[in-house]
Amino acid sequence: MFAPRTLTQPLVFDRGRSADRGSGSAFVWADVGWQRLSQICLGLQVLLFGTGLALYRATDIQMRWSSSDVAYLALVGALLAAWMALLAVPGDSIPRRRVAEGLAAGILFLALIGITAPMQYGAIALGRPFVDVWLDRADHWLGIDVAQLTTWTAQFPWLVSTLNVTYNTLAPQLVVPLAVLSLAGDRKALWEYLWHLHVSLIGALICLALWPTVYVFTYRHFDPLVAPTMVESCMTQLWGFHSGQSHVVTMQDMQGLISFPSFHTAAALAVTWALRRQSRWIWVPIAMINVGLVSATVLLGLHYVTDLIGTAALLGASLLMYRRWCARAAYGG
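Sequence positions are assigned chain by chain, starting from 1 and proceeding in written order. The predicted origin of the model limits local features to residues at a pLDDT of at least 70 and limits the giving and counting of side-chain atom pairs to 80 or more, whereas totals for whole chains, interfaces and linings rest on all residues. Side-chain calculation: all heavy atoms of the structure are included, whereas hydrogens and water are not.

Participant: Help me out: how do you make sense of unusual backbone geometry in this one?
Facilitator: In most cases, non-glycine residues show a negative phi, while peptide bonds are predominantly trans. The residue after F260, namely P261, is reached through a cis peptide bond having omega -5°. Of note, P261 is situated in the loop between β2 (248-249) and α11 (263-274). Unlike most non-glycine residues, D60 shows phi in positive territory, near 60°. With respect to the helices, strands and loops of the structure, D60 is situated in the loop between α1 (36-59) and β1 (62-63). Judged by its relative accessible area of 47%, D60 falls in the partly exposed class. Phi at Y215 takes a positive value of approximately 75°, unusual for a residue other than glycine. Numbering goes from the N terminus for both helices and strands, where a helix is a DSSP run of H or I of at least four residues and a strand is a run of E of at least two. Within the secondary structure, Y215 is located in the loop between α8 (187-210) and α9 (216-219). Burial classification: accessible surface area is computed with a 1.4 Å probe over protein chains only, and a residue below 20% of its type maximum counts as buried, one above 50% as exposed, and the rest as partly exposed.

In structure tokens form, the structure reads like this:
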């Protein structure tokens, strides 16, 4: 099911033993996830963390620790300890290097989510004017009315249920490429995936800070076809932080506040793109689910179609930057 991939040659780190791969005693840092692209991602996270602290200070937002935060940090710490243990124990093998590289990617992924999720609140708390009037006009210029599409979808309960299921698969989907690509040894796809997640989240946060929206269903005054409690919680936080009335954030209460561009769409496309070279038994089901997920963003009344166009532009820019500047870094060379 998994296609083997070529590992880098031992150029940097041989742990004081033979540099011959055949001896099974040497590896390079790139083989265990510490290479130029992972360093770039880590550098972006440090920059994001500093920016987040500045945002919280400027908007008077406080992070309140909870048991969820402690558990999250403990998970990151456990993965880091496992990665270091794999490096410290004598011996070497291809499966071991692949697991170590997967752990390194997983650590960066969890750190990215942990840093960017609370940054949404600092971005929305800047209080910039909502831009829904422009997004709505763009949709009408395209000849698309999301409110009417939502009304049409509501006629088919089975479709509403299916779209809700696919829309809610994003969280587990995000970890699938980390596991599959690591075990397959597809290092290029693994680190390209991490790169696109970083760029997508950074771009989405910048757009949220500059051009926040109240979502199409609020602006057009209709009910989206998702759980009302989710909508109520999201909108309460959006209005509260944008108006300056809310100042405390806890991880267990965090919601997705980004509408333009659609991070759900960006992440779903990134997952599908990352797995495109894997077995059809993996790629085809993921692709079909994500067709439903992307469709759900509009058919359930959650996003403007313009949000999806913005997402396509963001991912196009990410792909261009990756191929121009980062592709070789994924191999540590």
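Participant: Just to check I follow, could you spell out the packing of aromatic side chains for this structure?
Facilitator: Stacked, tilted and edge-to-face are the three classes applied to pairs of Phe, Tyr and Trp rings, where Trp contributes its six-membered ring and a pair requires centres within 6.5 Å; stacked means planes under 30 degrees apart, edge-to-face means over 60, and tilted covers the rest. One pass over the full model with this rule turns up four aromatic pairs. Between Y215 and F217 the ring centres are 5.3 Å apart and the planes differ by 20°, which places this aromatic pair in the stacked class. Given the relative accessible area of 6%, Y215 is considered buried. The exposure class assigned to F217 is buried, which follows from its relative accessible area of 7%. A ring has a charge above it when a Lys NZ or an Arg CZ is no more than 6 Å from the ring centre and no more than 35 degrees off the ring normal. Just above the ring of W134 sits the side chain of R137; from NZ or CZ to the centre is 5.1 Å. One residue, R276, lies across the ring of W273, its end atom 3.8 Å from the ring centre.

Participant: What is the right way to look at a nonpolar patch on the surface in this model?
Facilitator: Together, W34, L42 and V46 line one region of the surface with nonpolar side chains, adding up to about 270 Å² of accessible area. With a relative accessible area of 55%, V46 lands in the exposed category. Patches in this entry comprise residues that are over 30% relatively accessible and not in a salt bridge; like charges within 9 Å are linked, as are nonpolar side chains (Val, Leu, Ile, Met, Phe, Trp, Tyr) within 5 Å. Shrake-Rupley sampling with a 1.4 Å probe provides the accessible areas, and residues are treated as covered by the protein chains on show and by no other component. For salt bridges, the criterion is a side-chain nitrogen of Lys or Arg within 4 Å of an Asp or Glu carboxyl oxygen.

Participant: Teacher, can you tell me more about the confidence of the model for the protein chain here?
Facilitator: Atomic detail in the predicted coordinates should be set aside for any region of low pLDDT. Scored between 0 and 100, pLDDT is the confidence that the predictor attaches to each residue. Per-chain confidence: the protein chain averages 85 in pLDDT, with 90% of residues scoring 70 or above. For the protein chain, β1 is the element with the lowest average pLDDT, namely 82, and helix α5 (residues 146-153) is the one with the highest, namely 96. This stretch, residues 1-26, has a pLDDT under 50; its non-local contacts, to residues over four places away or in other chains, come to 67 contacts. The contact criterion used is simple: two residues touch if any of their non-hydrogen atoms lie within 4.5 Å.

Participant: Sorry if this is basic, but what is going on with helix α10 (residues 228-242) here?
Facilitator: Spacing of three or four residues puts side chains on the same side of an α-helix, whose turn is 3.6 residues. Helix span, expected: 1.5 Å multiplied by one less than the number of residues in the helix. Across its 15 residues, α10 extends 21 Å between first and last C-alpha, which sits within 8% of the 21 Å expected from 1.5 Å per residue. Just beyond α10, the residue with positive phi is G244, at close to 85°.

Participant: Any chance you could explain helix α12 (residues 280-299) here in plain terms?
Facilitator: Helix length check: α12, at 20 residues, gives a terminal C-alpha distance of 27 Å against a target of 28 Å (1.5 Å per residue), a fit within 8%. Residues of α12 that are buried include every one of I282, I286, A287, N290, G292, L293, V294, A296, T297, V298 and L299, and no others. Buried residues along α12 sit in contact with α5, α6 (157-167), α7 (170-184), α11 and α13 (305-326).

Participant: Looking at this structure, I do not really get the packing of helix α4 (residues 132-141) against α13. What am I missing?
Facilitator: If you want to describe how two helices pack, look at the angle between their axes and the distance between the axes. Axis lines are fitted through C-alpha atoms, for helices just across the contact stretch, and the angle between N-to-C directions can take any value from 0 to 180 degrees. In the contact formed by α4 and α13, the axes pass within 8 Å of each other and the chain directions differ by 95°. As far as their axial angle goes, α13 and α4 are roughly perpendicular. The residues of α13 that touch α4, namely those facing L135, A138 and D139, are V305, T306 and D307. Lys, Arg, Asp and Glu make up the charged group, whereas Ala, Val, Leu, Ile, Met, Phe, Trp, Tyr, Cys and Pro make up the nonpolar group; the residues left over, Gly among them, are polar. Across the contact of α4 with α13, the residue classes tally to three nonpolar, one polar and two charged. Here is the rule for angles: anything less than 35 degrees is roughly parallel, anything more than 145 is roughly antiparallel, 65 through 115 is roughly perpendicular, and the remaining ranges are oblique.

Participant: Would you mind going over the packing of helix α3 (residues 94-124) against α7 with me for this structure?
Facilitator: Relative to each other, α3 and α7 sit at 160°, their axes nearing to 8 Å. In this view, α3 runs roughly antiparallel relative to α7, as classed from their interaxial angle. Classified by chirality, the crossing of α7 by α3 is right-handed. Along its contact with α3, which presents R98, G102, A105, G106 and F109, the element α7 presents L174, V175, L178, S182, L183 and A184. A breakdown of the residues in the contact of α3 with α7 according to their chemical character gives seven nonpolar, three polar and one charged. Crossings are assigned a handedness: left-handed for a near helix turned anticlockwise from the far helix by less than a right angle, right-handed for a clockwise turn.

Participant: Teacher, can you tell me more about the environment of V76 here?
Facilitator: Position of V76 relative to the elements: it lies in helix α2 (residues 67-88). Sequence separation of V76 and L103 is 27 residues, and the distance between their C-alpha atoms is 9.8 Å. Excluding anything up to four places from it in sequence, V76 contacts I107 and L110.

Participant: What's the story with the pattern of salt bridges in this structure? I'm lost.
Facilitator: This model, assessed by the stated rule, comprises four salt bridges. For D186, the salt bridge is made with R277, and the minimal N-O distance between the two is 3.1 Å. Residue D186 is located in the loop between α7 and α8, and its partner R277 is located in the loop between α11 and α12; the two are separated by 91 residues in the primary sequence. Here the salt bridges do not stand alone but share partners, grouping D136, D145 and R220 into one network.

Participant: Just checking my understanding: could you explain the nonpolar core for this structure?
Facilitator: Buried together is how nonpolar side chains tend to be arranged in soluble globular proteins. In this description, a nonpolar core means a group of buried Ala, Val, Leu, Ile, Met, Phe, Trp, Tyr and Cys residues linked to one another through side-chain atoms lying within 4.5 Å. Residues W83, L174, Y193 and L194 are the most contacted members of the largest nonpolar core, which totals 92 residues. At 15 residues, α3 tops the list of elements feeding residues into this core.

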